[in-house]
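Architecture at a glance
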Amino acid sequence: MKISRFIKVCMAACLSIALVACSSSSSSRSVSIPDTKDIQKIQDRGVLRVGVKKSVPGFSEKKDGKYQGLEVDLAKKLADDLGVKVQYTSVTTTSRETLLKSGKIDCVIATYTITKERKKEFDFSTPYYISHVSVLVDDDNIKTLSDLNGRTIGVVTNSNSAKDLVKAMIDQGLINGTGFDEDNFDPTTWTTGVSFHVYDDYTQCDAALTAGGIDGMSTDTSILKGYTTGSRHLIDAEFAPQKYGIATKKDSGLSEFVNNEVKQWKKDGSIKALEKSYDLYTMSVV
């Protein structure tokens, strides 16, 4: 008796599913969790508290009461591998360090650039993403760094964008570098060639650009991409590589685990898959 083509197809599909299931089960990695007091405290609590932003499309954004984005997913993966739930806390460039130091959150995954100064205060994982700084404008007459002379640019508090922008203009000979102190740069007092307005977050920068209160907003290209709408465009300049890392308290028992997790996600393609899923613009291969 002949088996119909339909039944054959069904049998093949079932076999395929079974093989995939077996393969997935056999290839699932065993997560190594260091035996430290910090991790034990998180597991006893049953919750990993993670600081994320709420206004960075693609990375960490709060919509309809829910967080979404690459960094939100990375936080969930960390919690899953620790066997706990995840609790998101909205942070800004100003509050994230304070909350981490105080112990109100366990780690920060919030487009947090790794710098020498910050590494003195916190532990950072290997970079999970690399971007560059640029400027978003809504004026066809502003196309390059040289067109920023005499303009006012919006930046957020505690970011390095203003300093990086000024340094880029100095390096290209567009403005005089007299008085520029990279270690003690204050965007609120800088007026040579370009000046700055400082805002608490990117949504305020966005609103100011829309209202015409500033000529452009400067931060990482990966963040600016989320605010590139209508006639807005990035200038033809990208500078100052920004390496994002997951931050934990200095010498925290969680630091080693977090770093190993990021290394594994880079190795197995998890991070690249998330970049593709959220349509993120990557300037460099991490």
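Keep in mind that what you see is a predicted model, and the values were worked out from it rather than measured. (Residues numbered from 1 in each chain as written. Predicted model: local features only at pLDDT ≥ 70, side-chain atom pairs only at ≥ 80, totals over all residues. Heavy atoms only, no water.)

Rolling a probe over the atoms, with the probe sized like a water molecule, indicates the empty space that remains. Computed from the structure, the largest pocket encloses a volume of approximately 890 Å³. Around the largest pocket, the lining is made up of 31 residues, and of these Thr115, Glu117, Asn160, Lys163 and Asp164 lie nearest the centre. The set of elements that each furnish at least two residues to the lining of the largest pocket consists of α5 (116–119), α6 (161–171) and β13 (239–244). Broken down by element, the lining of the largest pocket gets its largest block of residues, six residues, from α6. Each residue belonging to the lining of the largest pocket can be placed in one class, and the counts come to ten nonpolar, nine polar and twelve charged. By volume, the second largest pocket is sized at about 230 Å³. Surrounding the second largest pocket, Asp38, Lys41, Ile42, Arg45, Arg49, Gly103, Ile105, Asp106, Thr248, Lys249, Ser252 and Leu254 form its lining. Those elements that provide at least two residues to the lining of the second largest pocket are α2 (37–45) and β14 (247–249). Here the lining of the second largest pocket gets four residues from one element, more than from any other, and that element is α2. Residues that form the lining of the second largest pocket fall into these classes: three nonpolar, three polar and six charged. (1 Å grid on protein atoms, 1.4 Å probe; cavity = no way out; pocket = protein on both sides within 12 Å on 5 of 7 lines; lining within 4 Å. Points joined across faces, edges and corners; volume = space filled by probe spheres on them. Helix = DSSP H or I, 4+ residues; strand = E, 2+ residues; numbered from the N terminus. Nonpolar A, V, L, I, M, F, W, Y, C, P; charged D, E, K, R; others polar.)

Counting 42 residues, the largest nonpolar core has Leu48, Leu78, Tyr128 and Ile246 as its most contacted members. Contributions of two or more residues to this core are made by α2, β1 (47–52), α3 (70–82), β8 (129–137), α7 (202–211), α8 (221–224), α9 (255–268) and α10 (270–277). At seven residues, the largest contribution of residues to this core is made by α3. Among all residues touching Leu48, those that are not within four sequence positions of it are Ile42, Ala75, Leu78, Ala79, Leu82, Val84, Lys85, Val86, Gln87, Asp106 and Leu254. Listed in part, the 22 residues of the second largest apolar core include Val135, Ile175, Phe185 and Ala237. (Core = buried A, V, L, I, M, F, W, Y, C linked by side-chain atoms within 4.5 Å. Buried < 20%, exposed > 50% of the residue type's maximum accessible area, 1.4 Å probe, protein only. Contact = heavy atoms within 4.5 Å.)

In this section: the packing of aromatic side chains. Applying the stated rule across the entire model yields eleven aromatic pairs. Considering the side-chain rings of Phe180 and Phe185, the 5.6 Å spacing of their centres and the 55° angle between planes classify their relative orientation as tilted. Across this residue pair, the class does not change: Phe180 and Phe185 are buried. Taken together, a centroid distance of 6.5 Å and an interplanar angle of 85° make the contact between Phe185 and Phe196 edge-to-face. Within this pair, whereas Phe185 is found in the loop between α6 and β10 (194–199), its partner Phe196 is found in strand β10, the two being separated by eleven residues in sequence. The exposure classification of Phe185 matches that of Phe196, with both residues buried. Within the aromatic cluster, the residues linked to one another by ring pairs are Phe59, Tyr128, Tyr129 and Tyr244. (Phe/Tyr/Trp six-rings, centres within 6.5 Å; stacked < 30°, edge-to-face > 60°.)

Such coordinate-based values are descriptive only and should not be taken to indicate function.
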